[in-house]
Amino acid sequence: MEQKIETERISLIPPSMDLVEDVHAAIVESQKELSEFSPWVQNVIAEPESSMHEAIANFHSLSNELRYFIADKQSKKIIGAVGLTIRDKSVPFFEIGYWLRTSETGKELMTEAVFALENHAFTNLKARRLEIRTAETNLKSRSVAERCNYQFEDVLNDDTCSPSGERSNTVVYRKCK
């Protein structure tokens, strides 16, 4: 498995216990914004080592989710994460998920990260289908999918609850090879 993915401005780094403090700091800094759409935030803040151990195990066994952490190439600071949730190995079909440190939004860094991970999935993992699913009201996440030329596929009505407990819709975008 490829260990690091490089682009012009960022590096996608596999999970490592060396990253726990930096990842934790990024999530804590962005807790308010991330918590609006991401139910995992409180668990990761409470148990960052456990979350990283799980990410490392998944990465090495090529199971569940292949999580990469996004580092700014100049500062080396962790600015987010992007991952591939394995939906069906027989296709292969993956779902891309991502989050970005609040102070780093608006710079199209996530667009760069998604394109890099997409290339890795299609080239090295032989993906045939990639999806990006997001809350219908998560306009920032939707704009990443649209900038990366993912095709709008469907709205899944009342299929989930937001972290606040409200029922919500999920928007599905896809790209196939």
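As the structure is a prediction and not an experimental result, all values here were calculated from the model. (Residues numbered from 1 in each chain as written. Predicted model: local features only at pLDDT ≥ 70, side-chain atom pairs only at ≥ 80, totals over all residues. Heavy atoms only, no water.)

**Some details on the packing of helix α1 (residues 20–29) against helix α4 (residues 48–61)**
Part 1: Two elements in contact, α1 and α4, have axes whose closest approach is 10 Å; the angle formed by their N-to-C orientations is 115°. As summarised for this structure, α1 and α4 are arranged roughly perpendicular, according to the angle between their axes. Taken as a pair, α1 and α4 cross one another with a handedness that is right-handed. Contacts between α1 and α4 involve Val-20, Val-23 and His-24 on the former and, on the latter, Pro-48, Glu-49 and Met-52. (Axes fitted to C-alpha atoms, helices over the stretch in contact; angles between N-to-C directions. Helix = DSSP H or I, 4+ residues; strand = E, 2+ residues; numbered from the N terminus. Parallel < 35°, antiparallel > 145°, perpendicular 65-115°, else oblique. Left-handed = near helix turned anticlockwise from the far one by under 90°. Contact = heavy atoms within 4.5 Å.)

**Some thoughts on the nonpolar core**
Part 1: Residues Leu-12, Val-82, Ile-96 and Val-114 are the most contacted members of the largest nonpolar core, which totals 33 residues.
Part 2: Every element with two or more residues in this core is listed here: β2 (10–13), β3 (65–72), β4 (78–88), β5 (93–100), α5 (109–123), β6 (129–135), α6 (139–147) and β8 (167–176).
Part 3: When residues of this core are assigned to their parent elements, the largest contribution, eight residues, is made by α5.
Part 4: Once you skip the residues sitting within four places of it in the chain, Val-114 turns out to touch Val-82, Ile-96, Tyr-98, Ile-132, Val-144, Cys-148 and Tyr-150.
Part 5: The next biggest cluster of nonpolar side chains, apart from the first, holds 17 residues, and it includes Ile-13, Leu-19, Phe-69 and Ile-78. (Core = buried A, V, L, I, M, F, W, Y, C linked by side-chain atoms within 4.5 Å. Buried < 20%, exposed > 50% of the residue type's maximum accessible area, 1.4 Å probe, protein only.)

**Overview of the packing of aromatic side chains**
Part 1: On inspection of all chains with the given rule, the structure shows three aromatic pairs.
Part 2: Ring centres of Trp-40 and Trp-99 lie 6.1 Å apart, and the angle between their planes is 45°; on these two criteria the pair is classed as tilted. Of the two residues, Trp-40 sits in the loop between α2 (31–35) and α3 (41–46) while Trp-99 sits in strand β5, which places them 59 residues apart along the sequence.
Part 3: A relative accessible area of 29% places Trp-40 in the partly exposed class.
Part 4: The class of Trp-99 is buried, set by a relative accessible area of 9%.
Part 5: Between Phe-59 and Tyr-68, the aromatic rings sit 5.3 Å apart at their centres with planes inclined by 85°, giving edge-to-face as the arrangement.
Part 6: When the ring centre of Phe-93 is taken as origin, the NZ or CZ atom of Arg-129, which lies over that ring, is 5.5 Å away. (Phe/Tyr/Trp six-rings, centres within 6.5 Å; stacked < 30°, edge-to-face > 60°. Lys NZ or Arg CZ within 6 Å of the ring centre and 35° of its normal.)

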